[in-house]
Amino acid sequence: MHRERKDARLKRIGILTGGGDCPGLNAAIRAVVRKAVGVHGAEVLGFRDGWRGVMRGDVRELTPETVRGIVHRGGTILGSSGSNPFHEGGLDLVRAAYRDLMLDGIVAIGGDGTLSAAAGLTDEGLPVIGIPKTIDNDLSGTDLCIGFSTAVQVATDALDRLHSTAESHNRLMLLEVMGRSAGWIALEAGIAGGADIILIPERPFDLEEIATHLRRRHLRGHSFSIVVVAEGAVPLEGTLSLPEYPVDERGFPRYGGIAQLIAPALSASTGWEARVTQLGHVQRGGSPNAADRILATRFGTAAVDLVAAGGWGRMVALQGADVVDVPLADAAKVRPVPEELYRVAETFFY
Ligand code: F6P
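Rules of the game
Residues numbered from 1 in each chain as written. Predicted model: local features only at pLDDT ≥ 70, side-chain atom pairs only at ≥ 80, totals over all residues. Heavy atoms only, no water. Helix = DSSP H or I, 4+ residues; strand = E, 2+ residues; numbered from the N terminus. Rg over C-alpha atoms; globule rule 2.2 N^0.38 Å. Buried < 20%, exposed > 50% of the residue type's maximum accessible area, 1.4 Å probe, protein only. Contact = heavy atoms within 4.5 Å. Areas by Shrake-Rupley, 256 points an atom, 1.4 Å probe, with all protein chains shown as cover. Pairing = 2+ DSSP bridges. Core = buried A, V, L, I, M, F, W, Y, C linked by side-chain atoms within 4.5 Å. pLDDT = per-residue confidence, 0-100.

*Asks:* Can you help me understand the overall build of the protein chain in this one?
*Replies:* If you tally the helices and strands in the protein chain, you get 11 helices and 11 strands. Since a compact globule built from 350 residues should have a radius of gyration of about 20 Å, the 22 Å found for the protein chain is in line with a globular shape. Taking the principal axes of the C-alpha coordinates as reference, the protein chain spans close to 70 × 45 × 30 Å. Here the protein chain holds 350 residues, and 53% of them are scored as buried. A separation threshold of at least 6 residues defines the contact pool for the protein chain, and within that pool the share at least 24 residues apart is 75%. For the protein chain, the accessible area works out to roughly 14,900 Å², and carbon and sulfur atoms hold 51% of it.

Following this line, the structure appears as structure tokens:
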């Protein structure tokens, strides 16, 4: 069996998971540990709860034994939080952790918040490498993030179930899915689950237009309709007022509830009974599907290659079929759903 040479330069790396959890994090942790320890002979230290664990020195050694049997498990054995050293005056604590633990660098598995902090630390001269994860799939520089595929599958399964009950009762069914200010989950699950309308943030909606479309559909003999609503969907200006969403610790809107607002209006203008399902955190929980386990494993092993090559300040990414790496600073820009994909979905809105 071919084995790469143990790398004398690589001695000790840290690893953390930050932001909202998602399926596939454990598969990524396992891959980093197995490659760093097994191939490079390095030590891996796992920080608890993202950047908070770095600031608090909450750390333990991860070995191939401690990551055994986790490839299929949801959540993260390291715990996660949205903690950010720059918002908490923790830069000196992070520097101290690097120094005291004699770290070559840290592999940060995260979404925009965790990776923005990673990019900031890079600017401060601290070595970090990023692995992209978020069910929202909205990070720039990569075609896919860990967790997205499973979330789409969960939402698609929900749509399949809603179809049969919608049909039995001649109802209008609205499924609200996560995604923050990008419509990736809504659009891909909507395509896979045969939605009749998909509302995404990238395409402001007009309730009157949707009602007209649904009425026409029902006049043509359809007895039910399925509408997928991204939690961050926005109405065309002046057509409907949304409530003020509360904000999270980073000042971003905490979405949820838009489908409940739309349903009565659609029911009134179509004369159809409407029901709402808000899928919520079910999309983030449970076992990763095979695609997420494979992506996480590819990203984890590639991240260690990048560490060994001294590629600090970069993030592993999928572009087409290839794992590449891109500057960490590029990742945190929201990547909207492309027009071309929306047009595919739109083909079925009639
Ligand atoms: O970013 C992932 C995500 O699940 C979003 O889709 C959702 O808006 C948000 O996190 C929910 O966050 P929380 O776990 O804080 O409720």
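*Asks:* Is there a simple way to think about the pairing of strand 6 (residues 172-177) in this case?
*Replies:* The buried fraction of strand 6 amounts to six of the six residues, a majority that puts the element mostly inside the structure. Alternating positions in strand 6 separate into two faces, Leu-172, Leu-174 and Glu-176 on one and Met-173, Leu-175 and Val-177 on the other, with burial throughout. Across six bridges, strand 6 lies against strand 8 (residues 225-230) in parallel orientation. Among the inter-strand pairings, Met-173 is bridged to a residue of strand 8, identified as Ile-226.

*Asks:* Is there a simple way to think about the nonpolar core in this case?
*Replies:* Grouped burial of nonpolar side chains is what soluble globular proteins tend to show. Core analysis: the largest hydrophobic core is formed by 66 residues, its most contacted members being Ile-15, Ile-29, Ile-131 and Ile-198. Sort the elements by how many residues they give to this core and helix 9 (residues 290-308) lands first, with nine residues. Excluding its chain neighbours within four sequence positions, the residues that come into contact with Ile-15 are Ile-29, Val-32, Val-44, Leu-45, Gly-46, Phe-47, Leu-62, Leu-78, Val-107 and Ile-109. With 28 residues, the next largest nonpolar core counts Leu-45, Trp-51, Met-55 and Leu-103 among its residues.

*Asks:* Would you mind going over the confidence of the model for the protein chain with me for this structure?
*Replies:* Fine structural detail should not be taken from predicted coordinates in areas where pLDDT scores are low. In the predicted model, the protein chain carries a mean pLDDT of 95, and the fraction of residues at 70 or more is 98%. Confidence drops under pLDDT 50 across residues 1-5; counting only partners more than four residues distant or on other chains, this segment forms seven contacts.

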